[in-house]
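Overview (structure and organization)
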Amino acid sequence: ELKVEQNPLFLSMQEGKNYTIYCNYSTTSDRLYWYRQDPGKSLESLFVLLSNGAVKQEGRLMASLDTKARLSTLHITAAVHDLSATYFCAVDRVPNDMRFGAGTRLTVKP
Amino acid sequence: DTEVTQTPKHLVMGMTNKKSLKCEQHMGHRAMYWYKQKAKKPPELMFVYSYEKLSINESVPSRFSPECPNSSLLNLHLHALQPEDSALYLCASSDDRGLNIQYFGAGTRLSVL
């Protein structure tokens with residue numbers, strides 16, 4: 001059974017600081033996704049990572065994938081308040097069957 | 001345009017009611033999905049349609065009945081729901097190839113009284 005584990009589940013950080021969210025998964029998969037969800041809102045796609053060593057960056061967020069370790073990281077650089085949200089990683093169990101981690105609730109404080 | 005449109009945005013229903021949730025996309029995507037999301041939890045996959053055929057059914061109770069009338073539309077028919085079915089119901093679509101990124105609608109917030 002595919003398990004997707006994120007940590008930390010809650011993250012409170014100050015503006016300007018850096019931090020990393022970790023996502024471990026239990027079986028091999030073709031794709032690793034990162035999504036953002038604002039309170040009461042839908043999910044927004046951030047990144048999809050396909051291959052070992054893949055790295056993608058958008059603004060203050062950078063995602064990477066190590067398929068051998070079954071680990072993805074989402075690194076936040078110089079956090080700003082607008083990044084406050086819940087971040088989910090997700091993995092395809094089989095094509096079209098995407099399983100989510102529990103989510104990391106990020107709060108960025110002034 | 002990466003828009004998935006869901007209606008209604010909010011729905012309150014009694015346990016004896018029959019209602020339907022609707023989802024529409026015009027991105028030419030061939031896979032469409034229903035998810036259930038409880039508060040402070042991740043989305044849970046309910047159903048997947050691929051090329052208008054039900055391809056994944058995650059052992060969802062029969063009081064939830066999906067329907068895919070065509071490649072752009074997805075419905076979720078609700079009947080005799082329980083209060084524990086109250087949740088945010090999210091629809092998504094993807095191109096079923098390549099990156100296969102799922103694009104989500106804004107959701108229907110359902111309350112069962």
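One can find the structure itself at the top, above this paragraph.
Residues numbered from 1 in each chain as written. Chains lettered and ligands numbered in written order. Predicted model: local features only at pLDDT ≥ 70, side-chain atom pairs only at ≥ 80, totals over all residues. Heavy atoms only, no water.

Quick word on the overall build of chain B
Looking only at helices and strands, chain B features zero helices and 11 strands. Taken from the N to the C terminus, the helices and strands of chain B come in the order β-β-β-β-β-β-β-β-β-β-β. The C-alpha atoms of chain B give 13 Å as radius of gyration, which agrees with the globular expectation for 113 residues (13 Å, within 12%). Its C-alpha atoms give chain B principal-axis dimensions of roughly 40 × 25 × 20 Å. A separation threshold of at least 6 residues defines the contact pool for chain B, and within that pool the share at least 24 residues apart is 53%. With an accessible surface of roughly 5500 Å², chain B has 50% of that area assigned to carbon and sulfur atoms. The averaged location of the 11 negative side-chain charges in chain B is 7 Å from the averaged location of its 13 positive side-chain charges. (Helix = DSSP H or I, 4+ residues; strand = E, 2+ residues; numbered from the N terminus. Rg over C-alpha atoms; globule rule 2.2 N^0.38 Å. Contact = heavy atoms within 4.5 Å. Areas by Shrake-Rupley, 256 points an atom, 1.4 Å probe, with all protein chains shown as cover. Lys, Arg positive; Asp, Glu negative; His and termini not counted. Charge placed at Lys NZ, Arg CZ, Asp CG, Glu CD.)

A few points about the sheet that holds strand β7 (residues 61–66) of chain A
All names here are of chain A. The strand order across the open sheet formed by five strands is β1-β3-β8-β7-β6, and the pairing between neighbours is antiparallel. The two strands at the open ends of the sheet, each matched to only one other strand, are β1 (4–7) and β6 (55–58). With direction set aside, neighbouring strand axes in the sheet form an average angle of 15 degrees. Pairing geometry for β7 and strand β8 (residues 71–76), over six bridges, is antiparallel. (Pairing = 2+ DSSP bridges. Axes fitted to C-alpha atoms, helices over the stretch in contact; angles between N-to-C directions.)

As for the environment of Lys53 of chain B
Residue and element names in this part refer to chain B. Inspection of the secondary structure assignment puts Lys53 in strand β6 (residues 53–57). Using a relative accessible area of 62% as the deciding quantity, one classes Lys53 as exposed. Between the alpha carbons of Lys53 and Phe64 there is a distance of 16 Å; along the sequence they are 11 residues apart. (Buried < 20%, exposed > 50% of the residue type's maximum accessible area, 1.4 Å probe, protein only.)

Topic: the side chain of Gln102 of chain B
Tracing the backbone through its elements, the reader meets Gln102 of chain B in the loop between β9 (87–94) and β10 (103–104). Here Gln102 of chain B falls in the buried class, since its relative accessible area comes to 2%. In contact with Gln102 of chain B, not counting residues within four places along its chain, are Tyr35, Asn96 and Met98 of chain A together with Tyr33, Tyr35, Ala92, Ser93 and Ser94 of chain B.

Some words on the pairing of β6 of chain A
Residue and element names in this part refer to chain A. As judged from the four bridges shared by β6 and β7, these two strands associate in the antiparallel manner. If you follow Glu58 over to β7, its bridge partner there is Leu61. Remark: two residues form the turn of the hairpin made by β6 and β7, two consecutive strands paired antiparallel; Gly59 in that turn has positive phi of roughly 60 degrees.

A few points about the interface of chain B and chain A
Contacts between the two partners involve 26 residues from chain B and, on the opposite side, 22 residues from chain A. Each partner contributes to the roughly 1700 Å² buried at the junction of chain B and chain A, and carbon and sulfur atoms together form 52% of this total. Interface area lost by chain B to chain A is led by Pro42, Leu99 and Phe104 of chain B, which between them contribute 26%. Applying the counting rule to chain B against chain A returns two salt bridges. With a shortest N-O distance of 3.0 Å, Glu58 of chain B and Arg99 of chain A are connected by a salt bridge. Counting across the chain B and chain A interface gives 10 residue pairs in polar contact (both at pLDDT 80 or more). Mapped onto the side of chain B that touches chain A, the elements with two or more residues apiece are β4 (31–37), β5 (44–50) and β9 of chain B. Per-element accounting of the side of chain B that touches chain A gives the leading share, four residues, to β4 of chain B. In terms of residue class, the side of chain B that touches chain A is made up of 14 nonpolar, seven polar and five charged. (Buried area = accessible area lost by both parts, 1.4 Å probe. Salt bridge = Lys/Arg side-chain N within 4 Å of Asp/Glu carboxyl O. Polar contact = N/O pair within 3.5 Å; in protein donor to acceptor, adjacent residues only side chain to side chain. Nonpolar A, V, L, I, M, F, W, Y, C, P; charged D, E, K, R; others polar.)

As for unusual backbone geometry
Residues and elements named next belong to chain A. Look at the link from Asn7 to Pro8: it is a cis peptide, with omega at 0 degrees. Not every positive phi belongs to a glycine, and Arg70 is a case in point at roughly 55 degrees. Inspection of the secondary structure puts Arg70 in the loop between β7 and β8. Even without a glycine there, the phi angle at Asn96 is positive, about 75 degrees. As for its position among the elements, Asn96 is in the loop between β9 (85–94) and β10 (97–100). The class of Asn96 is buried, set by a relative accessible area of 5%.

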